[in-house]
Structures are given as C-alpha cells and as structure tokens.
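Remarks on the overall topology
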There are 2 protein chains.
Amino acid sequence: MTDPMPPVEPLYRPLDLETAIDLPRIAIEQVAPMLDDGRFAVKAVVGQAVTVTAVVFADGHDQLGAAVLWRDEQDPSWRRVPLQELGNDRWQAQFTPTHMGRAEFVIEAWWDRYGSYTYELQKKYAAGVPVTLELQEGELLLQQIAEQASATQAERVLRLLAELQQAQALEERVALLLAPDSVVLLAEASRHPHVVRSQRYPVDVERLRAQFASWYELFPRSQTDSEQRHGTFRDVITRLPDIQAMGFDVLYFPPIHPIGSSHRKGRNNSLVAGENDPGSPYAIGSEEGGHEAIHPQLGSVEDFRALVSAAREHDLEIALDFAIQCSPDHPWLSEHPGWFSWRPDGSIRHAENPPKKYEDIVNVDFYNTEAIPSLWLALRDVVRGWVELGVTQFRVDNPHTKPLPFWEWLIADIRTDHPQVAFLAEAFTRPAMMARLGKVGYSQSYTYFTWRNTKAELAAYFTELNEAPWRDCYRPNFFVNTPDINPAFLHHNGRPGFLIRAALATMGSGLWGMYSGFELCEAAAVPGKEEYLDSEKYQLRPRDYYAPGNIVSEITQLNRIRRQNPALQTHLGLQVYTAHNDNILYFGKRSADLENFILVAVCLDPHNAQEAHFELPLWEFGLGDDAAMHGEDLMNGHTWTWHGKTQWMRIEPWHQPFGIWRIRPVRTV
Amino acid sequence: MTDPMPPVEPLYRPLDLETAIDLPRIAIEQVAPMLDDGRFAVKAVVGQAVTVTAVVFADGHDQLGAAVLWRDEQDPSWRRVPLQELGNDRWQAQFTPTHMGRAEFVIEAWWDRYGSYTYELQKKYAAGVPVTLELQEGELLLQQIAEQASATQAERVLRLLAELQQAQALEERVALLLAPDSVVLLAEASRHPHVVRSQRYPVDVERLRAQFASWYELFPRSQTDSEQRHGTFRDVITRLPDIQAMGFDVLYFPPIHPIGSSHRKGRNNSLVAGENDPGSPYAIGSEEGGHEAIHPQLGSVEDFRALVSAAREHDLEIALDFAIQCSPDHPWLSEHPGWFSWRPDGSIRHAENPPKKYEDIVNVDFYNTEAIPSLWLALRDVVRGWVELGVTQFRVDNPHTKPLPFWEWLIADIRTDHPQVAFLAEAFTRPAMMARLGKVGYSQSYTYFTWRNTKAELAAYFTELNEAPWRDCYRPNFFVNTPDINPAFLHHNGRPGFLIRAALATMGSGLWGMYSGFELCEAAAVPGKEEYLDSEKYQLRPRDYYAPGNIVSEITQLNRIRRQNPALQTHLGLQVYTAHNDNILYFGKRSADLENFILVAVCLDPHNAQEAHFELPLWEFGLGDDAAMHGEDLMNGHTWTWHGKTQWMRIEPWHQPFGIWRIRPVRTV
C-alpha cells in the first residue's frame, strides 16, 4: 500500500538516571472502574456509591497509605476518601456522586512514615525487645513532621512531643505514641515522601432513570378504535392512565415524522403500497417536512406539547426514535444534495444490504466534504429541538452504522446543557461495537437478551453483564419484544411463555421494555421468521387492551416489585445460584448492604411443572448452613421461614412460571 | 493530610466538533501482547513469532483492512504484516523478531474501498442483480485510485482500466474487476480513507536462553574433599564436565565476595560463629573489599577469568548473585556513610524484620540525599564490572525490597550495551510485585512453584502463567530447591519425591534450576522448617556426587529431552488435560505448528501406584475421537500406536513417577 509508514522516530531510549530517580517509587495498577485506560468515562448514577479498587504497592516492608481523590462539575475541588487495604496489595474505597454530569477520580498513594514507625514500635514492644532507641527516633520523627506541617497541626504535634518528653515510664511513652488520636493526628500532619498519583479517570454520572426504568412502546397512529381512522397524540393521552397504572416510566414512540410516499412499503413489507397504506414511519420525510416535523395526521406541535405535559402528570417521560435516514422525499435531498451519495447516472444511492435494496430509504454520508460540519450540526439541532419540546430520551435506530465520533460529539453536546437526557442504542451487532457505543456515551443499549433462552445462555449472559468491561460501559435494556422482533420463544408457548420472558426481563435488569401487544400475548408471526404478521410498521393496529388472557395484572405487579426493591433497580449485583434442574434459572440480587435481597426462580419450561432442590445463599449473609431465613413471596405476600441451606421448589408454569422471594436473616426480622 | 491536592484543572470539556471530525472512525481495541497500555515492554525471544491480536471495527458494513507495522533497533524502518480477521472483529498476525534489544509494533487499520466495492459487486452479480451501474462505479473508482497512487502503480491501474473499457461482455468485465491480481494491485495502490494507527507497543527481545535454560547452583567453597580445605574456583573447574554432562546451561554461584566478620553467623545460623566458621556469603564485604571483590580463599581475578573461560568451553554460562546488602565491615560504610541509615545513638540501622534483627547485614538507602546518584552509579558499576569479566546472568537477591525505578534503570542501562545479559529476580512476595519486576526488565523470576504440590494447585498455577498478564511479563524459573528452601514435600518422600519435582520443573517450564545436593536426594531439614540442616550458607559441605541412590541419570535424560523438543523450551503453550485421578497431573505442550507435541503425566503420590483413564488430545490435531496416534516414550524410546481418545495409564512411582510421551498423528508418521 502506498499509505505512508509512521514517522521513524527513535525506537527506544533506555531510561536515563535523572528520569529514573524521579519515577514514582510506588506502583498503582489495575484501577477499577476504568475503561480503555481512562479514554472513556465509566457509568455511575447519582446517589449510588462508586466502588474504586486498585493494586498499590512498593518495594520493601514499610507501610503505605492510599486515598481516592474525587470531584465533580458541581464542585471542582478535590475530596479525599482513604482507601482500605483488602490484602495482597488490593485497596478499596467508595465515593458517592451527588450531581449529574462528569466526575473524575485519582488514586493517590504515599509512604506512611508514622504508620511504618508505629508498626515497628508495636511489634518490638510486644516482643519485649528494648525500645529506648526507637522512642528517641519517635521524638525525632515528631519533630520533623511538625516542621513540615501547617501551623495548627504543628502546634498539636509539638504538644504531643512535650507530653512525650515529660512522661517518665516507658509504657506511658509507648502508649502516647500508639494512641489512636496520635495516629490520626500524625497521619494528617505528615507531608508524605514519595507521594504518587494515578492519572485522572472519568465518570459519567446520570440520574437513576438511566439505570432503572420500564419502557412502554406504542405507535401513536394505532391508538384508534378503527383502522379507518389514524390515531393522534390526543388519543395517546387517553391511554396514559392505563400505561401509568401498569407501572411504566417511559413512553416510547417510533418516528412521528412525515412519511415519504416514493417507494412506500405496503402491508407486510410489500413493495407496492395500497392507496390508504400509511407507510413505514422509518421512511422519514416528505414535502411536509423532515426529522424536525410532525406527521400531520398525528397532530400539531401544540398537540405534542400537550402530550408531553400530560405524560409528565402521569409520571411518564417521552422517548422518541432518532433514525438518521431519509425517504427519497425528504426535503434534505434537494436542500443538501451534498449530504448524500449519488451514483454515476445521477440517481441517489439507496440503503442496501446486497443483494437486498431498501428503495424507500437513503442514508446520509457523514464524511462527504459538503456534509462537514453542516450535516453534523443539522442532526444535533434536530435532537436539540425535540429536547426543547420536553423529550428526555432518544432510542437511536442502528447507531452502529453511523460514525462513533459523531455519537461521542452529539451525546456530549446535548448532555452538557441537558444532563437528564439519555440515549438508548438500538444496535444488534458484534460485541465490541455494542460495548463501544456505551463508551462513547449511550446510557442504555438493546441487548442479546431476546436470543438467550436456555438456562446456560441466560446464566452466562446475566453474569457477563456484571463483569468488566460490560458492567462499566453498558446498561442493558431488556426489551421482551419490539416491532422488529417477535421472538421465536413466544410463538407457540402461550401465556406462560410471555410471563417467563416478562419475569426474566423485569428481574434481570433495572431496564426493561415492552412493545404494545405483548401484554395481550400477541404472537402471530410471518411464517418461519421472528417478524410480526400484519406488522404495525406498515399498517394501523387498533387493539382491545382489555382482551381476555392478557397479562396486565402480572406486569403491573412485576413493575411494583421493582419499585419497592432497590436490588432490582439495576442489572448489577446479580448472582446465579444453584438449583438442580436445567429448566429452572435461579438467581439473586442484592443491595450492597444486603438489606434488600431478592431471589428469583424462573421455570424456563412453559408446559410442564418443574421441581428442584436449590441452595438458599446463607453464606452471603455470613450464616452457617443450618441458619434460618425469613422468606416473603413478593407476588402474593405469603411469608414463611426457611431452615437450612438446601430447599426444594416446585413451579407450575400454568399458574405462574416464576417465584420472586425477598429473604431476610431471621435474627433481623 | 497537608499534601497538596492535585491542581484544579478543568474537569471536563465536552468534545468539540472540530476534534470529533478528526477523531479516528475506526476503533482499535484489546491489543495483545501489551502491558499496562504500553507502559512496559512485553517479552519475546529472537526467532520466535510474536502473535499480535486486536479488535478492529468501525461503523457500517464496509470492509476494513488492518496490518501490524513493526521494527527493531537493528532496522528502524517499518515492516508491514497484514492482519487476518478471525471473526467477531478479532484480527491476528505474527512477526518474528530477529535481533536482541527493543522492538515495537503498531496496529494500522483502514477503510478498504476496493475490498468493499468487490464485496458488493460479487454479491449482486451472484444474485443476478443488474450491475451495469456498479461497473461504471468500478471504472470511476479505478480512476480515483490511479490519481492517488505512485507512478508505477498508477500505470498498472490505468492499464487495467483500459482493458476494462475494451472488454465487451459483462461477465468479462466483472471477472477483470474480481480477479485476484486486480484485488492485490488495487489494495496496494489504494490510499485508504480513515487510516488509523494505534500507539506504539514495545517488545523486549532476548535470546532464547532467557526463556530456555537449566540452572545449576553450587557454593564454590564447598567444591572440596574436606571441610578443612576451602574450595576454590580451580576446584569448580574440575566439576564442569559433570555439570555439563547432566545437561545444564547456567552455573550459578551465591555471592563470591569477601565476607564480613562482625556479627558473623555460625553453623546452622547460630548467632556466634566458631573460629573457623566461614560465615554467610550474603554478609558481603570486609576490609578485603566489597561487591567488586573476590573472596581471597576462592582465588584471584585471574582464577575467576579462567573459570568463566573453562565454563564457556563446557557450554556453561556463569551466573552471579547480586545481593545489595553489606556486612558491617563493608568498605562502603566508612567510604560512603551517606548511603546508609544511622540511628540517634550513632549506630547503623541493621536489616530487620521486627522483632527479628539481622545484625550481620545492613541495607543501603537509595533515596538518601547523599546516595543520589552516587550509590545508583556505584551499584551499576559493580554489575558492569562482572559483565566485563564474562558474567552473563545475575540472580538478584530480594529485588522487591529495592526501588522499582532503580531496577528499571539499571537493567536498561546494562542491556543497552550487553543485550545478552539477563537478570533473574529472587522475589518471594505478593503477586503484583512479582509481575512488576518482570515488567521493569527482569528476564526471569523465581516462583511459587515450590509451594504448589497438589494437582489442583499445579494445574491452576501452570495455567495462570499462560494467561495475561503473566505470559507477557514473567518467565518462571522453577527451582526445585535453593539454599534457602528445602521444600517440605522432599523431606520424607525419598527418591520418588525428588523425581516428581524434577519432572514437574523440567517439563513445566523452559527454565528450571537445581541447587546441588538435590541430585543426591539430600533432604535433612531443621525440624519443622523448610530449611536445610547444616546449611551450606554457614559451613562448607563437601559431597560425594556419585553416592548411590542419586538421580543424576534421570536429570540428564530430562535435560536431554528438553533440548530435543522445542515444545519444552518454554512455559507457554501448556494445556492441562483430563486424567481421571486426582493424584495424576496430566498436561500437554506443543510447538505452534503442532509438529512437536509432548504429553506429560506425573504421579503426585510418591508411595502408591496410580492408575487413570485419560484423554488423548486428538481434537488439538483436528482429529475425531476414533483416530490413531503414534506414541513414543521419551524416557526409554518405546513406541506404540494409540487408538481412540480414551486411554489408560498406570504409574508406579518406585520405578519412575512420571511418563513423557511424544505424540504424532499416525498419518504423518
């Protein structure tokens, strides 16, 4: 290739002596939480502790001290939290961010002179070794520390020194030096030799809703009693009380913009639309406007404002779809031809996945000379506009097909002025990109959850999401279905199938989502595909939301349990436990203080009763195998006492294919 | 504390648009081999391939290309090796360093325009979609590539373009564009958009002996026929043929310097030495000289030169101990008092591990004002002096109690002029420091091997050493014993016990070491301790090296097998396999091309015969469970054919407590 090679800089210079002498003597390694050596911010939530760990060590046997320094945009001065040693050079501390926006932390470590001194003194004194010389050294050390300390601290150190010199008995002098008050005073007064600090590690602090929310998705145009009448924002308002009652927090709409008519798709994705077919809302833009406009049949901007405001009254936030693609009728094609790719015959390049063509959609080209920076700014302004209308969440369509630097810039730009705004990545692609989207700023992500069905698959996936790097960059939003995904598991497993997936999603993550129809156990599929028959993407779908067989009350109770139990308000802290049956997934979730400890058992077989011996995780509470545990069934309120580690369960999926139990050690009840 | 807080720099600036547009569009992540984000060099060996992997990806569906660029000090121009995609965005390539010293590599990735074009063309053409427009686009692309290419390449591209334009049939034109020659030409001629390069990752290339060597340790003073006569370097020369015959490569001596007389330790570490007690060689320095001097009773500098030269004739290198500590009689104490710590009463601070005191030893203080940089330079000059006398290896005593920056500087300094020199870290401490010593430059390290005895312990340890970060920074030298460690396992398990440990060490790592006496199965211990009774550290120990019951012939054969089988010349490439018996550790080692594949089974029970069904790793060769495998016993030359995956073994430890078999698929024999 003719690409120039990197410049031939000097390959290597051996460390010179002056540099070596100035190098940190103390090593700080394996800092967590951390992503790509600090290139990206780790995720955190207001009011929840960030647990920082690091490996800190140095040569020799002297005592080290270490602390986390942290700060946030609200208060740019540094706060210091001492790190505690866990053994084998591992140290740990916590800090709790209190404001949305960026925070950062630094690890600091130092040679603890007074700590090393008292460590030796104590050992020798306890062993009966003469310590007269050590006491003399102690006085000298106090003198030195006083010389370097602040005036107030120096005065206190000198007072201690005077006491020491007046004391007669050896025991008394030793006791003075080892007294906890002295240790605290000298630690605070000391200027430490060999202080070393790590680089700064960024933290992205969001509100709790970025980690704990229940999403409900609907097509506003289907909120109608007849396929002949296009639903409106006003119709959606009448649905709000039901959606709130089910316990949802976020109401999400597929695109609400004008829909193109060129190459419009008909029912069931047919290539030719009928005269009255409304078209796919993902074919964005017509002569009536583009991404900034509202489809006229849905209502006006005023109607939209009214909907946002009504939703807020029902404790619901509005999430919009952000799909950066255009119908061939989008105004941008004529206004900004330089934002698109054109072919030699003058036609526009359609979206395609060769040999498939999507002729109702064209994509922008971010790096076209004429698109930099005008396209980037225009897209940002689209998002800004909706934020100003009260939209707080954006579900982004296929973000993995748009440049990563664009997202990193856009999300940072929006969240600087509007830190409450969150972006949900709808990427179904390879793992590295899924993680990277979280790193560049997405608060939440769609997941592989829909395709994890067996006990082994689910256990591995839930566990992986609790491990690095996922735990630090990726908040999984478990959608049980979407307009694009009618999961195979739901096709023939009836009501129990829907309840199984609802339990897994609601208990597995703090974030879950449901596309309307799920509560009615709708499952009719295009034969052989994970797609909905008569998909709402191409036609209006009026529904009877009170149809018999629905699972509304179960969903309501699951959401209620989530609100009442902090352990369930995150995907973190999940641990798979042993149940001796491959058809029963059994796991626990706990708050950091163990105060809230939930056990979940889901029968993955929708047809047959399953039984299992299982282990009550008494060890998590530091209890022996014969301890007793108070249990409470959170679905029906029954309570009981379990005795001993090994217990037995039976789940009949036709009644309820899962159990959710809160446990408490008997002593604390 | 009064330590100043870090400066209050701006906490965070959101990414601005100009920066975002210039950010790399392609992500390069998870580069291996790599240590601490490139802060330290990974280890490599001349002539052995370095396998580089990375995760490389970008937005969208276009094809990417990627390569490793690498160079070394010998040739600072960059060489390019294409990376191959392994799936899920993982890429891999290899390069083979040819010279000792530093090398470095960079990952480069780019948008592959022609690759993306042919990918689409091929798909559409195969699906029977019209491609006239695509062919036009192909011509345009060739035109563009020619414009940016070098003159020679442009000419070839334009020739292809002309052929294309003359061709009539569609098939002919498609075939021209997809021809392998065209693909190679266009790939080479293209200036790629969005080229991105990783940072540079350093590699420390050493000679094979840094990774593959057998060490033999002896006290020169004990090479005598009577405790009344101090052994000399000349005596050691007479031992060389035997040591060479056993198959050793490195002959290592504890300190050979003058020994202090103040507080000299007597036999068995007693506090008072008898008149004729020679003292511990670790109490370095007397009026006869310090670290640069030779103990007069061992011989002269000329004698030492003669020994080095004789050793070389026997294919043996000399390793010296580098113990940075002084007896109270060391000349440095009076010449450089500022290099040491003094107590308030004017006495010197002895080494101690409270409440224990080591009054025959004092330590230097690296960061004393008067020690910077004179002490650092003096220590460097000591090492340089011995290198100039022909010493190529240094076993460093307790390096974890000296500053890490000192080692990083010293090792780099020495190896810049003498890249063949290797340092072996004698650190027995917590894992983070063990790893870090390898990172700052130690070629080899003592290990926890001596305290890994059960199958579970050994399997876990051997496996861990093959994983990051250990595989990249730490070469384990498995010493079966040392003057300081008389392992408990050897105390009462007789000859089989020694053979078990010898087999584990020689087969487990490319590096192993033995302290003399091991071949005679010496095991007498200080009661209740892992220390030798009548330790050679405090007295002369003449030996009959031909005493009955010795294991010289077994050690000789083990070392011969190591020389004949490249798979055994490293600790890497080890895989523990299944043998259904907790007393049999069974593992394999293989060369990268599988040409050399060795199976090792060690009976960990020295007293009873053990039997096991075990799995022949047919799958490693891509063979089915019923395949046949040629086997050869490397201890006795027997050969046979194994049929099928499950086999059976019986080991009688009183005959030979291990089996070492080379396997080859039958088809290749």
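Going along each chain's sequence as written, the residues are numbered from 1 onward. Whichever chain is written first is A, and whichever ligand is written first is 1; the rest continue in order. It should be noted that, the model being predicted, local features are given only for residues of pLDDT at least 70 and side-chain atom pairs only at 80 or more, the latter also being counted only at that level, while totals for whole chains, interfaces and linings use all residues. Hydrogens and water molecules were not included; the side-chain quantities draw on all heavy atoms of the structure.

**Some thoughts on the overall build of chain A**
The following threshold applies: To qualify as a helix, a DSSP run of H or I must reach at least 4 residues; to qualify as a strand, a run of E must reach at least 2; elements of each kind are numbered from the N terminus. Under the scheme applied here, a residue whose accessible area is under 20% of the maximum for its type counts as buried, over 50% as exposed, and between as partly exposed, the area being computed with a 1.4 Å probe on protein chains only. It only takes one pair of heavy atoms within 4.5 Å for two residues to be counted as in contact. Values of accessible area rely on a 1.4 Å probe in the Shrake-Rupley scheme; residue burial ignores everything except the protein chains shown. Here Asp and Glu are counted as negative and Lys and Arg as positive; His is not counted, and neither are the chain ends. Each charge is placed at NZ for Lys, CZ for Arg, CG for Asp and CD for Glu.
Within chain A, the secondary structure is distributed over 17 helices and 28 strands. Every one of the 669 residues in chain A was classed for burial, and the buried ones make up 59%. Here the analysis covers contacts within chain A between residues at least 6 apart in sequence; of these, 75% occur between residues at least 24 apart. Accessible surface, chain A: about 26,000 Å² in total, of which carbon and sulfur atoms supply 49%. Side chains of chain A give 61 positive and 88 negative charges; the mean places of these two sets differ by 1 Å.

**Quick word on the interface of chain B and chain A**
Heads up, the condition is: Put simply, buried area is the surface a 1.4 Å probe can reach on two separate parts but cannot reach once they are joined, added for both. A side-chain nitrogen of Lys or Arg and a carboxyl oxygen of Asp or Glu constitute a salt bridge if their distance falls within 4 Å. Pairs of N or O atoms are called polar contacts if they sit within 3.5 Å, as long as, within protein, a hydrogen donor faces a hydrogen acceptor (for residues adjacent in sequence, only side-chain-to-side-chain pairs).
Contact with chain B, which involves 97 residues of that partner, is made by 97 residues of chain A. Surface buried jointly by chain B and chain A totals about 8,800 Å² across both partners, of which 62% is contributed by carbon and sulfur atoms. Where chain B packs against chain A, one counts 14 salt bridges. Note that Glu29 of chain A and Lys439 of chain B form a salt bridge whose closest N and O atoms lie 3.1 Å from each other. Applying the counting criterion to the chain B and chain A interface returns 18 residue pairs in polar contact (both at pLDDT 80 or more).

**Structural notes on the pattern of salt bridges**
Inspection of the entire model under this criterion finds 103 salt bridges over all chains. One salt bridge in this structure joins Arg197 of chain A and Glu108 of chain A, with 2.6 Å as the shortest N-O distance. Of this pair, Arg197 of chain A sits in strand β9 (residues 196–197) while Glu108 of chain A sits in strand β8 (residues 101–111), and the two are 89 residues apart along the sequence. On the basis of relative accessible area, Arg197 of chain A is assigned to the partly exposed category, the value being 31%. Classification of Glu108 of chain A as buried rests on a relative accessible area of 0%. Of the charged contacts, one joins Asp381 of chain B and Arg380 of chain B as a salt bridge, the two residues approaching to 3.0 Å between their closest N and O atoms. A residue is classified by how much of its surface remains accessible, and Arg380 of chain B, at 11% relative accessible area, is buried. Sharing partners across several salt bridges, the network here consists of Glu120, Lys124, Glu134 and Glu137 of chain A together with Arg343, Arg349 and Glu352 of chain B.

**Some points on the environment of Pro97 of chain A**
Residue and element names in this part refer to chain A. Along the polypeptide, Pro97 turns up in the loop between β7 (90–95) and β8. The class of Pro97 is buried, set by a relative accessible area of 0%. For the pair formed by Pro97 and Val50, sequence separation is 47 residues and the distance between their alpha carbons is 7.7 Å. When residues no more than four places from it in sequence are discounted, the contact partners of Pro97 are Ala44, Val45, Val46, Gly47, Gln48, Val50, Trp70 and Val205.

**A look at the relation of the copies chain B and chain A**
For clarity, the cut-off: Fitting of the copies onto one another was done by least squares over C-alpha atoms, counting residues only where both copies have pLDDT of at least 70.
Least-squares fitting of chain B to chain A yields an RMSD of 0.1 Å, with the transformation described by 0.0 Å of translation along the axis and a rotation of 180 degrees. Accordingly, the operation relating the two chain copies is best matched by a two-fold axis. Judged by C-alpha distance, Asp37 of chain B is the residue of chain B that lies nearest the rotation axis, at 3.5 Å. By residue overlap, the copies meet face to face through one surface: 100% of the interface positions of chain B are interface positions in chain A.

**Focus on the packing of helix α3 (residues 132–148) of chain A against helix α4 (residues 151–166) of chain A**
Residues and elements named next belong to chain A. Note the cut-off: Geometry is summarised by axes, namely lines fitted to C-alpha atoms with helices restricted to the contacting stretch, and by angles between N-to-C directions that run from 0 to 180 degrees. When describing relative orientation, an angle under 35 degrees is termed roughly parallel and one over 145 degrees roughly antiparallel, while 65 to 115 degrees is termed roughly perpendicular and anything else oblique. Crossings are sorted by hand: turned counterclockwise from the far helix by less than a right angle, the near helix makes the crossing left-handed, and turned clockwise it makes it right-handed. Any residue outside Ala, Val, Leu, Ile, Met, Phe, Trp, Tyr, Cys, Pro, Asp, Glu, Lys and Arg is labelled polar, Gly included; the first ten of those are nonpolar and the last four are charged.
At a closest axis distance of 9 Å, the pairing of α3 and α4 adopts a crossing angle of 160 degrees. By the criterion of interaxial angle, the relationship of α3 to α4 is roughly antiparallel. Between α3 and α4 lies a crossing whose hand is left-handed. When α3 is examined against α4, the residues Glu139, Leu142, Gln143 and Ala146 are found in contact with a partner set consisting of Ala154, Val157, Leu158, Leu160, Leu161, Leu164 and Gln165. Looking at the contact of α3 with α4 residue by residue, the class counts come to eight nonpolar, two polar and one charged.

**Focus: the sheet that holds strand β13 (residues 317–322) of chain B**
Residue and element names in this part refer to chain B. Short version of the rule: Strands qualify as paired when DSSP identifies two bridges or more between them.
Across the sheet, which stays open at both edges, the eight strands sit in the order β18-β17-β16-β13-β12-β11-β20-β19 with parallel pairing between neighbours. Looking at the sheet topology across the chains shown, the edges are occupied by β18 (444–445) and β19 (477–479). Strand direction decides the pairing type here: strand β11 (residues 213–217) and strand β20 (residues 511–515), joined by five bridges, are parallel. By the bridge assignment, Tyr216 is partnered in β20 with Met514. Along the sheet, helix α7 (residues 233–245) contacts β11 and β12 (250–253); its crossing angle with β12, the most-contacted strand, is approximately 140 degrees.

**Section: unusual backbone geometry**
For the bond running from Ile372 of chain A to Pro373 of chain A, omega is -5 degrees, close enough to zero to count as cis. Tracing the sequence through the fold places Pro373 of chain A in the loop between β15 (356–362) and α10 (374–388). Of note in this structure, Asn88 of chain B is not a glycine but carries a positive phi near 50 degrees. Look at Asn398 of chain B: it is not a glycine, yet its phi comes out positive at around 45 degrees. With respect to the helices and strands, Asn398 of chain B occurs in the loop between β16 (393–397) and α11 (404–417). Its relative accessible area of 29% is what places Asn398 of chain B among the partly exposed residues.

**Some words on the side chain of His314 of chain B**
Residue and element names in this part refer to chain B. Locating His314 in the fold gives a position in the loop between α8 (301–313) and β13. Of the polar contacts made by the side chain of His314, one reaches the backbone oxygen of Ala310; its length is 2.9 Å. Once residues within four sequence positions are removed from consideration, His314 is found in contact with Leu240, Pro241 and Gln244.

**So, the nonpolar core**
Heads up, the condition is: In this text, buried Ala, Val, Leu, Ile, Met, Phe, Trp, Tyr and Cys residues form a nonpolar core when linked through side-chain atoms within 4.5 Å.
Core analysis: the largest hydrophobic core is formed by 147 residues, its most contacted members being Phe304, Phe394 and Trp407 of chain A. Those residues within four positions of Phe304 of chain A in sequence are excluded, and the remaining contacts are Phe233, Ile256, Ile294, Ile318, Leu320, Trp386, Leu389 and Val391 of chain A.

**Here we look at the UniProt feature "domain: Glycosyl hydrolase family 13 catalytic" (unreviewed entry) in chain A**
Operational definition: UniProt positions are given in the numbering used here, feature names are shortened, and annotations may be inferred rather than shown by experiment.
Under the UniProt annotation, "domain: Glycosyl hydrolase family 13 catalytic" (unreviewed entry) lies at residues 217–562 of chain A. Helix and strand shares over residues 217–562 of chain A are 33% and 12% respectively, and the end C-alpha atoms of the span are 19 Å apart.

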